[in-house]
Structures are given as structure tokens and as C-alpha cells.
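# Residue-level structure breakdown
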Amino acid sequence: MKRRHRVHSNKRFAEIRRQGRSVAGDLLVLYALPNDLPFSRFGFSGSGRIGNAVTRNRIKRRLREAVRLQMDQIATGWDIIWIARKPIS
């Protein structure tokens, strides 16, 4: 996934979580907030409850690849944060 398609700053992560709309499932929680850009950006997170660093990073890599493969089907102009829950591991 290209760098411009990633949410990097902690400030933006917090803003998306605070002001964005959320959808929760058994495996993931998604937060979305419009970004007024001609492309969408994505952020990925997982807490320590999921597992150790190796497990968390593997899950985030797989989520990034899944999103990268489906980017043409995702609407533009959104910042979306994907938060993995424990059952995903």
C-alpha cells in the first residue's frame, strides 16, 4: 500500500476515533471519517490482547494486503481505521 494511503499521525487516529462513525463486528472495529481528499487513507491497529508483537504485526500486514487488493471497490474521500479484536488471531 502506498504511503499516501496510510493514516500515520496519532492525532488523526484520535480524531477519527472521536468524531468518526463506527461499525463493530466479532473480528474488527472500523471507524470512518471523511477526509476531503481525492483518495482514501487507512490505519491499522491491534491491542496487546491479540498477542505478542509478531502476532499483531502479522495480522496488520494481512489486513493491509486485503485492503490493498480491494482499494478500487472502496469509496474515495475517507479515512478508515481498522482495529483488530482478539478472535482474529
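Heads up: the structure comes first, above all this text.
In what follows, the accompanying structure is described. Note that this is a predicted model, so its numbers are computed, not measured.

## Considerations on the pattern of salt bridges
Any two side chains of opposite charge can pair if their charged atoms end up close together. Counted under the stated rule, the structure contains four salt bridges. Between E15 and R12 there is a salt bridge; the shortest N-O distance is 3.1 Å. Here E15 and its partner R12 are both found in helix α1 (residues 10–19), three residues apart, which amounts to about one turn of the helix. The salt bridge partner of D79 is R12, with a shortest N-O separation of 2.6 Å.

## What to know about the pairing of strand β4 (residues 78–84)
Within β4, six of the seven residues are buried, leaving the element largely enclosed by the surrounding structure. As defined by bridge partners, strand β2 (residues 28–34) adjoins β4 across seven bridges and the pair is classed as antiparallel. Residue pairing in the sheet places V29 in a bridge with I83 of β4. Sheet topology places strand β3 (residues 41–46) next to β4; six bridges connect them, and they run parallel. Among the inter-strand pairings, G43 is bridged to a residue of β4, identified as I81. One crossover worth recording links β3 to the parallel β4 by way of helix α2 (residues 53–70), and it is left-handed.

## Notes on α1
The set of residues buried in α1 consists of R12, F13 and I16. The buried side chains of α1 occupy one side of the element, clustering within an arc of 105° when seen end-on. Summarising the geometry of α1, the exposed residues directed more than 90 degrees from the buried face are N10, K11 and R18. Buried-residue contacts for α1 involve β2, β3 and β4.

## Re the sheet that holds β4
Pairing within the open sheet is mixed, and its four strands lie in the order β1-β2-β4-β3. The sheet terminates laterally at β1 (21–24) and β3, the two strands that pair on one side only. Ignoring which end each strand starts from, the neighbouring axes of this sheet average 15° apart. Taken together, the four bridges between β1 and β2 define a ladder with antiparallel strand orientation. Each bridged residue has a counterpart across the sheet, and for S22 the counterpart in β2 is Y31.

Rules and cut-offs
- Here the residue numbering is sequential within each chain, running from 1 through the sequence in written order.
- It should be noted that, the model being predicted, local features are given only for residues of pLDDT at least 70 and side-chain atom pairs only at 80 or more, the latter also being counted only at that level, while totals for whole chains, interfaces and linings use all residues.
- Hydrogens and water molecules were not included; the side-chain quantities draw on all heavy atoms of the structure.
- By convention in these notes, a salt bridge is any Lys or Arg side-chain nitrogen within 4 Å of a carboxyl oxygen on Asp or Glu.
- Per the convention used, a helix needs a DSSP run of H or I reaching at least four residues, while a strand needs a run of E reaching at least two, with both numbered from the N terminus.
- Categorising residues by exposure relies on relative accessible area from a 1.4 Å probe, with only protein chains included: less than 20% of the type maximum marks a residue as buried, more than 50% marks it as exposed, and the intermediate range marks it as partly exposed.
- Following DSSP output, two strands are said to pair if at least two bridges run between them.
- Look down the strands so they point away from you; if going from the first strand over the helix to the second traces a clockwise path, that crossover is right-handed.
- In this context, the arc is that of the directions from the helix axis out to the C-beta atoms.
- What makes two residues a contact is simply this: any of their non-hydrogen atoms within 4.5 Å.
- In this description, a line fitted to the C-alpha atoms serves as the axis of each element, helices being fitted only across the stretch in contact, and the angle between N-to-C directions of two axes falls anywhere from 0 to 180 degrees.

Shape descriptors only; they carry no functional weight alone.
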